[in-house]
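# Topology and contacts: notes
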Amino acid sequence: MKQIKITGRTLVKIAFLSISVFLIFGIGIHFLGFRVAIRFSPEMTKEMGGVITRKEMDEIEIHYRKNLEALQKQIPLIESKIGELKNLKDQFSELSTPTTTKK
């Protein structure tokens, strides 16, 4: 019968080996499961990994383009409001400045 000495070094080796085996096993199961899901159940793949089809991606892109166009149409209005606010600020600062410090 062979004796195995249980030392700190042996325990570290066993722990490292078991962690490595479980990690490799988990990664393998993850990718194998993902491939099976893609092949047999695309709906489940969408839920698992957030995978979307090209058609869905095009629809999302169209939606975002419409939002972008709407925002770009608002830019001139916002710029004019900013100009008005700047003018008001200048007027108020003119009013609040004492006449002795004005040049």
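Residues numbered from 1 in each chain as written. Predicted model: local features only at pLDDT ≥ 70, side-chain atom pairs only at ≥ 80, totals over all residues. Heavy atoms only, no water.

### Some details on the overall build of the protein chain
Looking only at helices and strands, one finds 3 helices and 0 strands in the protein chain. Reading the helices (α) and strands (β) of the protein chain from amino to carboxyl end gives α-α-α. Residues counted as buried form 2% of the 103 residues belonging to the protein chain. (Helix = DSSP H or I, 4+ residues; strand = E, 2+ residues; numbered from the N terminus. Buried < 20%, exposed > 50% of the residue type's maximum accessible area, 1.4 Å probe, protein only.)

### Thoughts on the pattern of salt bridges
One pass over the full model with this rule turns up 2 salt bridges. Across the pair Arg 65 and Glu 61 runs a salt bridge whose closest N-O atoms are separated by 2.9 Å. In this pair, Arg 65 and Glu 61 are both assigned in helix 3 (residues 54-96), 4 residues apart and thus about one turn of the helix distant. Overall, Glu 61 belongs to the partly exposed group, its relative accessible area being 37%. Between Asp 90 and Lys 89 there is a salt bridge, with its nearest N and O atoms 3.4 Å apart. You can call Asp 90 partly exposed: its relative accessible area is 35%. (Salt bridge = Lys/Arg side-chain N within 4 Å of Asp/Glu carboxyl O.)

### Quick word on a nonpolar patch on the surface
Side chains of Ile 52, Met 57, Ile 60 and Tyr 64 sit close together on the surface and give an oily, nonpolar patch of about 390 Å² of accessible area. Mapped onto the elements, Tyr 64 comes out in helix 3. For Tyr 64, a relative accessible area of 54% puts it in the exposed group. (Patch = residues over 30% accessible without salt bridge, like charges linked within 9 Å, V, L, I, M, F, W, Y side chains within 5 Å. Areas by Shrake-Rupley, 256 points an atom, 1.4 Å probe, with all protein chains shown as cover.)

### Section: the confidence of the model for the protein chain
One rule of thumb: low pLDDT means the predicted coordinates there are not for detailed reading. Across the protein chain, pLDDT averages 85, with 88% of residues at or above 70. Least confident of the elements in the protein chain is helix 2 (residues 42-49), whose mean pLDDT is 68; most confident is helix 3, at 93. (pLDDT = per-residue confidence, 0-100.)

### Here's the deal with helix 3
Compared with an ideal rise of 1.5 Å per residue, which puts 43 residues at 63 Å, helix 3 spans 60 Å between its outermost C-alpha atoms and is within 8% of the ideal. Within helix 3, the axis deviates most sharply at Ile 75, by approximately 35°, and proline Pro 76 lies no more than four positions further along. (Expected span 1.5 Å × (residues − 1). Bend = angle between axes of the 7 residues up to and from the residue.)

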